[in-house]
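Residues per chain are reported as follows:
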Amino acid sequence: MMVEPVLRIVGFELKGLAAIGQWVVRRRHGVPAGATVVTYAKEQAFMLTLMVFAMAVETVVVDLLLVALGVPDWLRYAVLVADVYGLLFGAMLAAACATRPHVVTPGELRIRYGVYFDLRVPRDRIASVRTSRVYNESHMVAIENDRLTVAVSSQTNVTIELTGPVTAVRPFGRRAEVTSIRLFADAPDVLLSALRTGDPVQPRT
């Protein structure tokens, strides 16, 4: 029973590494020509940058401390590998969120959070969409009753009601039927306009 979660974790890591490459060459994943791109990464960019910087400083300081204390090399290297992985994870998360935005096409709304969540909602299932700000979401991806929440920095600002259920797959594979969705968008007006008009919309710069 542990095989699927382990495979999912490995898949997340590989996709995260690929996202770093896409980030470097400024390419986005799963954005067809003419689609409306709805980003969500800007809200968490500062905190992620601060976190990665703090971890980088900690990595150097801890390594120097371990050398000064004369700890065995195997322990020092183990701590160093763990710290470097933490830095890599931060970079993968930032890259994945930047390169995998929400996407609106004539046929569907694709809701994502990095490499961890991906839901395709047919446009004909969307009954209504409105701005609705919540600042205390407790989980990145959560499903309670029939409501899906995809939060960024504990925030959501768009609510979508559906005419019928769609199947959402949680990061580790559990499935649930949802009829209401709360999500975060950097420019919620762009998302609302695209869903209401059906025409591609470009965010204001």
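Residues numbered from 1 in each chain as written. Predicted model: local features only at pLDDT ≥ 70, side-chain atom pairs only at ≥ 80, totals over all residues. Heavy atoms only, no water.

Enquirer: Mind showing me how you'd approach the pattern of salt bridges here?
Expert: Two side chains of opposite charge can pair, provided their charged atoms sit close to one another. As enumerated under the stated definition, the model contains five salt bridges in all. Arg120 is paired through a salt bridge with Glu108; the nearest N and O atoms lie 2.6 Å apart. With Arg120 in strand β4 (residues 117-122) and Glu108 in strand β3 (residues 108-113), this pair connects stretches of sequence that are twelve residues apart. When the shortest N-O distance is used, the salt bridge between Glu137 and Arg182 registers 3.0 Å. Taken together, the residues Glu137 in the loop between β5 (126-134) and β6 (141-144) and Arg182 in strand β9 (residues 175-183) connect sequence positions 45 residues apart. In this pair, the class of Glu137 matches that of Arg182, namely buried. (Salt bridge = Lys/Arg side-chain N within 4 Å of Asp/Glu carboxyl O. Helix = DSSP H or I, 4+ residues; strand = E, 2+ residues; numbered from the N terminus. Buried < 20%, exposed > 50% of the residue type's maximum accessible area, 1.4 Å probe, protein only.)

Enquirer: Got a minute to help me understand the sheet that holds strand β2 (residues 102-104) in this structure?
Expert: The strands making up a sheet are joined through hydrogen bonds of the backbone, oriented either antiparallel or parallel. Taken in spatial order, the four strands of this open sheet run β1-β2-β3-β4, and their pairing is antiparallel. The open sheet has two free edges, formed respectively by β1 (36-38) and β4, since each of these has just one partner strand. When the angles between neighbouring strand axes are averaged without regard to direction, this sheet yields 15°. Bridge count for β2 against β3 is two bridges, and the pairing is antiparallel. For Val104, the partnering residue across the bridge sits in β3 and is Leu109. (Pairing = 2+ DSSP bridges. Axes fitted to C-alpha atoms, helices over the stretch in contact; angles between N-to-C directions.)

Enquirer: I tried to follow the packing of aromatic side chains on my own but got confused; where do I start?
Expert: In this description, an aromatic ring pair is defined by two values, namely the gap between the centres and the angle between the planes. Per the counting criterion, the structure on display carries three aromatic pairs. Residues Phe12 and Phe172 carry aromatic rings whose centres are separated by 6.3 Å and whose planes lie at 70° to one another, so their mutual orientation is edge-to-face. Highlighted residues: Phe12 in helix α1 (residues 3-24) and Phe172 in the loop between β8 (156-169) and β9, separated in sequence by 160 residues. For Phe12, a relative accessible area of 9% corresponds to the buried category. Here the aromatic rings of Tyr40 and Tyr113 are separated by 5.8 Å at their centres, their planes lie at 25°, and the arrangement is stacked. Taken together, the positions of Tyr40 in the loop between β1 and α2 (42-69) and Tyr113 in strand β3 put the pair 73 residues apart, joining distant regions of the chain. Using a relative accessible area of 0% as the deciding quantity, one classes Tyr40 as buried. Aromatic ring contacts, followed pair by pair, group Phe12, Tyr116 and Phe172 into a single cluster. (Phe/Tyr/Trp six-rings, centres within 6.5 Å; stacked < 30°, edge-to-face > 60°.)

Enquirer: What should I look at first to understand the pairing of β6 in this one?
Expert: Along a regular strand, successive side chains alternate from one face of the sheet to the other. With burial as the criterion, only one face of β6 is covered, namely that bearing Val141 and Ile143; the residues Ala142 and Glu144 on the opposite face remain uncovered. Relative to strand β7 (residues 147-150), β6 runs antiparallel, the two being bridged by four bridges. Bridge pairing links Ile143 to Leu148 in β7. Counting the residues in the hairpin turn of β6 and β7 gives two residues, including Asn145, whose phi is positive at 55°.

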